[in-house]
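# Chains, contacts and geometry: an overview
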Amino acid sequence: MRCPFCGAPESRVIDSRGLDEEVRRRRMCSACGARFTTSERIQNHALYVVKKDGRREAYDREKLATGIRKACEKRPLPMGSVERLITTVEERLHGLGRAEIPSSVVGDLVMEELEKVDHIAYIRFASVYREFADIGALKEALDSLTAGQKARPSDSENSPAPHR
Ligand SMILES: [Zn+2]
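Right, let's walk through the structure included here. Note that the structure is predicted; figures quoted are calculated from it, not measured.

Conventions adopted
- Residues numbered from 1 in each chain as written.
- Predicted model: local features only at pLDDT ≥ 70, side-chain atom pairs only at ≥ 80, totals over all residues.
- Heavy atoms only, no water.
- Helix = DSSP H or I, 4+ residues; strand = E, 2+ residues; numbered from the N terminus.
- Buried < 20%, exposed > 50% of the residue type's maximum accessible area, 1.4 Å probe, protein only.
- Contact = heavy atoms within 4.5 Å.
- Areas by Shrake-Rupley, 256 points an atom, 1.4 Å probe, with all protein chains shown as cover.
- Salt bridge = Lys/Arg side-chain N within 4 Å of Asp/Glu carboxyl O.
- Pairing = 2+ DSSP bridges.
- Axes fitted to C-alpha atoms, helices over the stretch in contact; angles between N-to-C directions.
- Parallel < 35°, antiparallel > 145°, perpendicular 65-115°, else oblique.
- Left-handed = near helix turned anticlockwise from the far one by under 90°.
- Nonpolar A, V, L, I, M, F, W, Y, C, P; charged D, E, K, R; others polar.
- Donors = N, O, S within 2.8 Å, 3.2 Å for Na, K, Ca; no water.
- Tetrahedral: all angles 85-135°; square planar, octahedral: opposite > 155°, others 65-115°.
- Phe/Tyr/Trp six-rings, centres within 6.5 Å; stacked < 30°, edge-to-face > 60°.
- Lys NZ or Arg CZ within 6 Å of the ring centre and 35° of its normal.

## Structural notes on the overall build of the protein chain
- Check the secondary structure of the protein chain and you find six helices and six strands.
- Each helix (α) and strand (β) of the protein chain, taken in turn from the N terminus, gives the series β-β-β-β-β-α-α-β-α-α-α-α.
- For the protein chain, buried positions account for 31% of its 164 residues.
- Nonlocal contacts in the protein chain, meaning residues at least 24 apart in sequence, comprise 39% of its contacts between residues at least 6 apart.
- Carbon and sulfur atoms make up 52% of the accessible area of the protein chain, which amounts to about 11000 Å² in all.

## Digging into the pattern of salt bridges
- In total, this model carries 12 salt bridges according to the counting rule given.
- The salt bridge involving Glu-100 is made with Arg-56; its shortest N-O contact spans 2.5 Å. Of this pair, Glu-100 sits in strand β6 (residues 100-102) while Arg-56 sits in strand β5 (residues 56-58); the two residues are 44 residues apart in sequence, bridging distant segments of the chain.
- Looking at Glu-100, the relative accessible area reads 36%, which means it is partly exposed.
- For the salt bridge of Lys-116 with Glu-113, the shortest nitrogen-to-oxygen distance reads 3.1 Å. With Lys-116 and Glu-113 both in helix α3 (residues 103-117) and three residues apart, this pair spans about one turn of that helix.
- Note on Lys-116: relative accessible area 62%, which makes it exposed.

## Some remarks on the sheet that holds β6
- One open sheet accounts for three strands, arranged β5-β4-β6; its pairing is mixed. Single-partner strands in this sheet number two, and they are β5 and β6. This sheet shows a mean twist of 30° between the axes of neighbouring strands, independent of strand direction.
- Pairing of strand β4 (residues 48-50) with β6 involves three bridges; the strand directions are parallel. Across the sheet, Tyr-48 pairs through a bridge with Glu-100, a residue of β6.
- Its contacts with the sheet place α3 against β4 and β6, and it is angled at close to 70° to β6.

## A look at the packing of helix α1 (residues 61-72) against helix α4 (residues 119-129)
- Across the interface, α1 lies against α4 with an axial gap of 8 Å and an inter-helix angle of 125°. Classified by the angle their axes make, α1 and α4 are oblique. Crossing of α1 over α4 shows right-handed handedness. Counted together, Gly-67, Lys-70, Ala-71 and Cys-72 of α1 and Ala-121, Arg-124 and Phe-125 of α4 form the full contact between these two elements.
- Taken together, the residues of the contact of α1 with α4 sort by class into four nonpolar, one polar and two charged.

## Remarks on the coordination of the zinc ion
- Protein ligation of the zinc ion involves Cys-3 (SG), Cys-6 (SG), Cys-29 (SG) and Cys-32 (SG), the donor distances falling in the range 2.3 to 2.4 Å.
- Taken together, the four donor atoms surrounding the zinc ion define angles of 104 to 115° at the centre, an arrangement classified as tetrahedral.
- Of the residues examined, Cys-6 reaches a relative accessible area of 42% and is grouped as partly exposed.
- For Cys-29, a relative accessible area of 2% translates into the label buried.

## Overview of the packing of aromatic side chains
- In the structure shown here, the tally under the stated rule is zero aromatic pairs.
- Sitting over the face of the ring of Tyr-48, Arg-56 holds its NZ or CZ atom 4.3 Å from the ring centroid.

Laid out in structure tokens, this is it:
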């Protein structure tokens, strides 16, 4: 770890502390004595995503986040909820305790979490992720979305009184 102050390549770890998903190290530069903190997302190094064609790819939080953010674009979600969702998915991935995870499992986890947060985002993600290959699942998702809207009492307030 290079010293951010003088650029010297050597530094000594003087304190190390693990948080939930990262390790923070307090370091001291061997050359100038400056102290600085580094933070590492430890688990990311160990995780590989196995794609459909069998290729392995190092897990990339940003790549995962891009897909999720895209699905949530312009959705009325509370501040920070997208980042929390990404973290939840990531924690669940690590919770599987496997070094290699099929991309389909990653996609399914994202869909499960998105479904809890926003149905439109869920449908968007599903349509991209499943590439409309699984029409049954998509229809199921659309049906549950419609059912959810009907179940909300506020929707019926402004519409003509239904037949009873
Ligand atoms: Zn230094």
